[in-house]
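In case you want the letters, here they are:
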Amino acid sequence: MFEIIKLLFDICLFKKGPQDLPYSLWLLRVLAVADVIVSFLMVSLGTKWLDSLLQALVSVLLIVVFSWVLLYLVRKRGRFYQTASALLGADAVISFFALPAMGSMVIGQGSLLAFIVTMGLMIWHWAVTGHIIRDALGQTLVFSLGLAFLYIFGSYQAMALLFPEVAGVE
């Protein structure tokens, strides 16, 4: 498992791509569970536990569906396990690093530094998602960053639509 974690860090540092992960349904499932756990921890900082669990599950489902649809449209479905695993693993890693900053902002101790760190992590997440998409599709980085932006923006919109109490749209 240490090798997988190291691979995920290398993907997040732009040294490796999704093609370097094993082609494995088991790994996809493990990383989906890991992402649910980390997402749950992050969302539960400011939400009831059941709502947090539902949001974490929907977040993972959005990543998996996005991966499948994207690869289906470009006729590269054989890359699904590795691409979805890379996206889930990268999301779990980056979200894990965001926990302290998010926690300080939720409990009201949010400083400018916590905000800057959170924004930096969001930009890093976007760049890593673009990197994974680029390697999965064999496209340019600019195109892949555009797709990554559309995915992230769309997932935020979907979460706000499904969970309006969290988005403050009640």
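Model, not experiment: these values are computed from the prediction.

Relative to the helices and strands, S95 resides in helix α4 (residues 80-106). Every residue in contact with S95, bar those within four places of it in the chain, is listed here: V38 and M42.

As a further point, take the nonpolar core. By size, the foremost hydrophobic cluster in this structure holds 38 residues, and its most contacted members are L21, L88, V128, I132 and I133. It is α4 that provides the largest number of residues to this core, a total of ten residues. Among residues more than four places away in sequence, those in contact with L21 are L7, L8, I11, L27, Q82, S85 and A86.

Bringing unusual backbone geometry into the picture now. At F14, a position not held by glycine, the phi torsion is positive, near 65 degrees. For F14, the position within the fold is in the loop between α1 (2-12) and α2 (25-43). Phi is positive for R75, which is not a glycine, with a value near 60 degrees. Of note, R75 is situated in the loop between α3 (49-73) and α4. Residue class for R75 comes out exposed when judged on its relative accessible area of 75%.

Turning next to helix α5 (residues 112-137). With 26 residues, α5 extends 37 Å between its outermost C-alpha atoms, agreeing within 8% with the 38 Å of an ideal straight helix rising 1.5 Å per residue. Of all the residues in α5, the buried ones are A114, T118, L121, H125, V128, T129, G130, H131, I132, I133, A136 and L137.

So, on to the packing of α3 against α5. Viewed as axis vectors pointing N to C, α3 and α5 meet at an angle of 35 degrees, and their least axial separation amounts to 11 Å. In this structure, α3 crosses over α5, and the sense of that crossing is right-handed. Contacts between α3 and α5 involve F66, L70 and L71 from the first element and I133, A136 and L137 from the second. Its residues assigned to classes, the contact of α3 with α5 shows six nonpolar, no polar and no charged.

For the coordinates displayed, the defined rule picks out eight aromatic pairs. On the basis of an interplanar angle of 10 degrees and a centroid distance of 4.9 Å, the ring pair of W68 and Y72 is categorised as stacked. One end of the pair is W68 and the other is Y72, both in helix α3 and four residues apart, which spans about a single turn. The exposure class of W68 is partly exposed, given its relative accessible area of 41%.

Rules behind the numbers
Residues numbered from 1 in each chain as written. Predicted model: local features only at pLDDT ≥ 70, side-chain atom pairs only at ≥ 80, totals over all residues. Heavy atoms only, no water. Helix = DSSP H or I, 4+ residues; strand = E, 2+ residues; numbered from the N terminus. Contact = heavy atoms within 4.5 Å. Core = buried A, V, L, I, M, F, W, Y, C linked by side-chain atoms within 4.5 Å. Buried < 20%, exposed > 50% of the residue type's maximum accessible area, 1.4 Å probe, protein only. Expected span 1.5 Å × (residues − 1). Axes fitted to C-alpha atoms, helices over the stretch in contact; angles between N-to-C directions. Left-handed = near helix turned anticlockwise from the far one by under 90°. Nonpolar A, V, L, I, M, F, W, Y, C, P; charged D, E, K, R; others polar. Phe/Tyr/Trp six-rings, centres within 6.5 Å; stacked < 30°, edge-to-face > 60°.

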